[in-house]
Amino acid sequence: MLGHLAHPNGDCQIAEGPYAGHTLSWLWAEHRELFGNCEGKEFPLLIKILDAKDDLSIQIHPNDEYAAEHENGSLGKTECWYVLDCEPDATIIVGQRAKDRAEAAQMIEEGRWDDMLNVLPIHKGDFFQIDSGTVHAIKTGTLILETQQSSDVTYRLYDYDRPGTDGNLRPLHIEQSLDCIDFDAQAPTDGTVTAPEVDGVTELESNPCYTVDRVRVNGSKTLDQRWPFMCLSVIDGEGTVCGDPVHKGSHLLAPSTVSSIDLEGKMELIISTCRPPVPKRSPTGRGVGRLLGQSCSHGEHIKCSPARAELAIDQTPRPVPASLWLVTTIKKQQGAPPLIKRESPSPYITNQGAYR
Ligand code: ZN
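What comes next concerns the included structure. What you see is a predicted model, and the numbers here were worked out from it, not measured in a lab. (Residues numbered from 1 in each chain as written. Predicted model: local features only at pLDDT ≥ 70, side-chain atom pairs only at ≥ 80, totals over all residues. Heavy atoms only, no water.)

### Observations concerning the coordination of the zinc ion
Part 1: The protein atoms donating to the zinc ion are His61 (NE2), Glu79 (OE), Glu79 (OE) and His136 (NE2), with metal-donor distances spanning 2.1 to 2.6 Å.
Part 2: Considering all four donor atoms around the zinc ion, angles at the metal cover 51 to 127° and the coordination shape is irregular. (Donors = N, O, S within 2.8 Å, 3.2 Å for Na, K, Ca; no water. Tetrahedral: all angles 85-135°; square planar, octahedral: opposite > 155°, others 65-115°.)

### Here we look at the pairing of strand E15 (residues 250–255)
Part 1: Burial within E15 is extensive, with six of its six residues counted as buried.
Part 2: The two faces of E15 match: Ser250, Leu252 and Ala254 on one face and His251, Leu253 and Pro255 on the other face are all buried. (Buried < 20%, exposed > 50% of the residue type's maximum accessible area, 1.4 Å probe, protein only. Helix = DSSP H or I, 4+ residues; strand = E, 2+ residues; numbered from the N terminus.)

### Structural notes on the nonpolar core
Part 1: Judged by nonpolar contacts, the single largest core of 29 residues is most densely connected at Phe35, Phe43 and Phe229.
Part 2: Put simply, the parts of the chain that give this core at least two residues each are helix H1 (24–30), strand E1 (45–52), strand E3 (79–86), strand E8 (142–149) and strand E13 (229–241).
Part 3: Trp113, Ala137, Leu157 and Tyr158 belong to the second-largest nonpolar core, a separate cluster that totals 20 residues. (Core = buried A, V, L, I, M, F, W, Y, C linked by side-chain atoms within 4.5 Å.)

### Brief notes about the sheet that holds E8
Hydrogen bonds along the backbone pair up the strands of a sheet, which may run parallel or antiparallel.
Part 1: Pairing within the open sheet is antiparallel, and its four strands lie in the order E1-E8-E3-E6. Each having just a single partner strand, E1 and strand E6 (127–130) make up the two edges of the open sheet. Pairs of neighbouring strands in the sheet enclose a mean axial angle of 20°, with direction left out of account. (Pairing = 2+ DSSP bridges. Axes fitted to C-alpha atoms, helices over the stretch in contact; angles between N-to-C directions.)

### Observations regarding the environment of histidine 136
Part 1: By the element assignment, histidine 136 lies in strand E7 (residues 136–138).
Part 2: Along the backbone, histidine 136 and asparagine 118 are 18 residues apart, and their C-alpha atoms lie at a distance of 8.6 Å.
Part 3: Side-chain polar atoms of histidine 136 contact the side chain of glutamate 79, separated by 3.3 Å.
Part 4: Looking at histidine 136, its side chain comes within polar contact range of the main-chain oxygen of threonine 134, at 2.8 Å. (Polar contact = N/O pair within 3.5 Å; in protein donor to acceptor, adjacent residues only side chain to side chain.)

### Observations concerning the pairing of E8
Part 1: Among the eight residues of E8, eight are classified as buried, and the element is accordingly described as predominantly covered.
Part 2: Relative to E8, E1 runs antiparallel, the two being bridged by eight bridges. Across the sheet, residue leucine 46 finds its bridge partner in E8, namely glutamine 148.
Part 3: Pairing analysis gives seven bridges linking E3 to E8, with the strands arranged antiparallel. Each residue of the ladder has a partner; that of tryptophan 81, found in E8, is glutamate 146.

### Some points on the pattern of salt bridges
Part 1: Overall, the coordinates contain 12 salt bridges when judged by the stated rule.
Part 2: We note a salt bridge from aspartate 54 to arginine 162, for which the minimum N-O separation is 3.7 Å. One end of the pair, aspartate 54, is in the loop between E1 and strand E2 (58–60); the other, arginine 162, is in the loop between strand E9 (155–158) and helix H5 (174–180), and 108 residues separate them in sequence.
Part 3: Relative accessible area serves as the criterion here: at 13%, arginine 162 is assigned to the buried category.
Part 4: The salt bridge partner of glutamate 175 is arginine 101, with a shortest N-O separation of 2.8 Å. One end of the pair, glutamate 175, is in helix H5; the other, arginine 101, is in helix H3 (residues 101–109), and 74 residues separate them in sequence.
Part 5: Assessed through its relative accessible area of 32%, arginine 101 is described here as partly exposed.
Part 6: Each of Asp54, Asp159, Arg162 and Arg170 takes part in a single network of salt bridges with overlapping partners. (Salt bridge = Lys/Arg side-chain N within 4 Å of Asp/Glu carboxyl O.)

### Concerning the environment of tyrosine 210
Part 1: With respect to the helices and strands, tyrosine 210 occurs in the loop between strand E11 (201–206) and strand E12 (211–224).
Part 2: For tyrosine 210, a relative accessible area of 0% gives the class buried.
Part 3: The spacing of tyrosine 210 and glutamine 148 is 62 residues in sequence and 7.7 Å in space, taken between C-alpha atoms.
Part 4: Not counting residues up to four positions away in its chain, the partners in contact with tyrosine 210 are Leu45, Thr78, Glu79, Cys80, Gln129, Thr147, Gln148, Gln149, Glu205, Thr273 and Cys274.
Part 5: A distance of 3.4 Å separates the side chain of tyrosine 210 from the backbone nitrogen of cysteine 80, its partner in a polar contact. (Contact = heavy atoms within 4.5 Å.)

### Describing the packing of aromatic side chains
Each aromatic ring pair is summarised here by two numbers: the centre-to-centre distance and the angle between the ring planes.
Part 1: This structure, assessed with the given rule, holds nine aromatic pairs.
Part 2: With centroids separated by 5.9 Å and ring planes inclined at 50°, the aromatic side chains of tyrosine 19 and tryptophan 26 adopt a geometry described as tilted.
Part 3: Judged by relative accessible area, tyrosine 19 falls into the buried class, the value being 14%.
Part 4: Tryptophan 26 sits in the partly exposed class, given a relative accessible area of 27%.
Part 5: Ring plane angle 65° and centroid distance 5.0 Å describe the contact between tryptophan 28 and phenylalanine 35, whose orientation is recorded as edge-to-face. (Phe/Tyr/Trp six-rings, centres within 6.5 Å; stacked < 30°, edge-to-face > 60°.)

### Brief notes about H3
Part 1: Burial in H3 covers these residues: Ala104, Met107 and Ile108. Take H3 and look down its axis: the buried residues cluster within an arc of 100°, on one side only. Facing away from the buried side of H3 by more than 90 degrees, the exposed set consists of Ala102 and Glu109.
Part 2: Along its buried surface, H3 packs onto helix H4 (113–116), E9 and H5.
Part 3: Where H3 ends, the next residue or the one after it, glycine 111, has phi of about 65°, a positive value. (Arc of directions from axis to C-beta.)

Shape descriptors only; they carry no functional weight alone.
What follows is the structure, encoded as structure tokens:
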């Protein structure tokens, strides 16, 4: 159930099961229990596959604070890119070199884009985290799986002085871009994934907006549902997910009611989720079940890696959403729908020009 996710400008439909035909935003509004009772008006992630046949405009997204103040309470945007494929000489733009606002303004004024923009060669399997405040652009000959905060706020810094589909130049947002550029951020030098692969799983990124893992399956493998939900995209190969056949281009949502995900075959997946927000109810865990893959019961303390620390109950009794969500998982398991599947209409959803 991905492709475009639940943003009003790109909602997606559930392909099968009890909710077939409904949109993801409907499911989010009507059945929040399937998402571990996460809070929020909108489904928190947007997942897109961008097939750039042309250089996309050079953009920047504000952070949440700036967007809230200047864009009617919208969210800012943090996003990340996994390179599914690219032409041999393909490049991408991530980051910029001006040291401060004045220097950036001068470079823009003088059209010194080559001096300003950080252009990088890319390869299949590269990964880039694009924090808000980062100048970025996807360039021609690039197929990317993008996971991002659900928001539409984009400032266009430069559009290669080319006319849009209506023959006119599209508006630029130079002042907002200058307001938002993070001049302290270090521009990356390449997109090579350096995170370790542990039992086929590589954590590509984990931040307050989302966590994105790459999962390689060769044979069979079981993933515990550690999150309020998971979005799965098969990016290579084929096999089964919980017994259902899937192949490159299959997208699935594993709701919180699925406690574990059985994968079989030879395939590669990108799995995205959001961090559980602060729960509405008491954070105290009740009942018995599994937490971070271990059996546990009320009052037990589970140790975990630092990256997951905020999800587990540690020696110190501090609020943790995990235990609450654990109960939700266990309670809803009986008779709940299995994986919800959506096949994208074509192997990949192409960029239609709205985000050119
Ligand atoms: Zn962007």
